Amino acid sequence: MDALNQTRVTEFVFLGLTDKWVLEILFFLAFSVTYVLTLLGNTLIVVTIVFTPRLHTPMYFFLSNLSFIDICHSSVTVPKMLEGLLLEIKTISFDNCIAQLFFLHLFACAEIFLLTIMAYDRYVAICAPLHYSNVMNMRVCVQLVFALWLGATVHSLVQTFLTIRLPYCGPKIIDSYFCDVPPVIKLACTDTYLTGMLIVSNSGTISLTCFLALVTSYTVILVSLRKQSAEGRRKALSTCSAHFMVVAFFFGPCIFIYTRPDTSFSIDKVVSVFYTVVTPLLNPLIYTLRNEEVKSAMKHLRQRGFFMKSGT
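Residues numbered from 1 in each chain as written. Predicted model: local features only at pLDDT ≥ 70, side-chain atom pairs only at ≥ 80, totals over all residues. Heavy atoms only, no water.

(A) The pattern of salt bridges, seen in detail. Across all of its chains, the model carries five salt bridges by this definition. Across the salt bridge formed by Glu83 and Lys80, the nearest N and O atoms sit 2.8 Å from each other. Residue Glu83 and its partner Lys80 are located together in helix α3 (residues 58-85), separated by three residues, close to a single helical turn. On the accessibility criterion, Glu83 (37% relative accessible area) is partly exposed. Among the residues examined, Lys80 registers a relative accessible area of 23% and is labelled partly exposed. (Salt bridge = Lys/Arg side-chain N within 4 Å of Asp/Glu carboxyl O. Helix = DSSP H or I, 4+ residues; strand = E, 2+ residues; numbered from the N terminus. Buried < 20%, exposed > 50% of the residue type's maximum accessible area, 1.4 Å probe, protein only.)

In structure tokens form, the structure reads like this:
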């Protein structure tokens, strides 16, 4: 063990998305625009909901939290990726790698739990509307958000512990553009089969279980819509379809990545780009373009000159 500690790596090297400089420039431009739109779009949603009293309801409370998480989630990986696209040698220190890994799992798990809570919120609103105000009051909503952050923190600490307990003394090239548990533990100087299984039992189980819970809740909602009026069905389908689009785009890559111990495919980088870069942008696009209340609230704030005063 002393020998391993003496040769412990101090930094890792990313292979990145490609080794062709033309593609790197194109990726840099495209992902820079995507990242800026992600920050602006999600910030706009948070500001709109916070400063519009009629949007102070459970659904929009959760939506503002989702936008905040998306800002944080994309900011964990995208800036470092953009930096790497401009550098020939893409490095990250061991400590920064572990920090990136921790916050990546923190915000990803928080989003998974939040999307599950949002599905439950829609289930209560559509299937038990008379009890909605009692079941989903703001006190309960705050408690649910606190619980999701607590659960996400525990999950992230477990993932980080599983990673840093391994010895790293030899290879230091990560076949990715950010630090995550699967590619990092492959560099450990020991057998990682058990660690890989623990990762699946943690990340994989959380992703798959929450996804199945979401599918079940939306199935129940769709069945219950037969009893609704035509207008009620239209509004419910509009809201739920927006939610499910976000769910499918986010959970699909997570399940694909975290339910395969010790297995990697060439498409993994493309899938990773989708849920770290593209998916955080889908939230403002889907919810803003499809939600009349949010668009109306933004228009009202703009007419009052709020965005110009706030610099948004």
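(B) Structural detail: the side chain of Glu24. Mapped onto the elements, Glu24 comes out in helix α2 (residues 21-50). Setting aside its immediate chain neighbours within four residues, Glu24 contacts Thr18, Leu85 and Lys90. (Contact = heavy atoms within 4.5 Å.)

(C) Broad picture of the sheet that holds strand β2 (residues 90-93). Read from one edge of the open sheet, three strands run β2-β1-β3, paired in mixed fashion. Looking at which strands have only one partner, the edges of the open sheet turn out to be β2 and β3 (173-174). Sheet topology note: the strand β1 (residues 11-14)/β3 ladder contains two bridges and is parallel. Each bridged residue has a counterpart across the sheet, and for Phe14 the counterpart in β3 is Ile174. On the sheet, helix α4 (residues 94-127) packs against β1, β2 and β3 and is oriented at approximately 85 degrees with respect to β2. (Pairing = 2+ DSSP bridges. Axes fitted to C-alpha atoms, helices over the stretch in contact; angles between N-to-C directions.)

(D) Spotlight on the nonpolar core. Counting 66 residues, the largest nonpolar core has Phe62, Leu115 and Phe251 as its most contacted members. Contributing elements (two or more residues each) for this core: α2, α3, α4, α6 (138-164), α8 (193-224), α9 (230-258), α10 (268-290) and α11 (292-303). A per-element tally of this core places α4 first, with 15 residues. Apart from the residues within four sequence positions on either side, Leu115 is in contact with Leu66, Leu214, Val246, Val247, Phe250 and Phe251. Formed by 19 residues, the second largest nonpolar core is a distinct cluster that contains Phe14, Cys97, Ile174 and Ala188. (Core = buried A, V, L, I, M, F, W, Y, C linked by side-chain atoms within 4.5 Å.)

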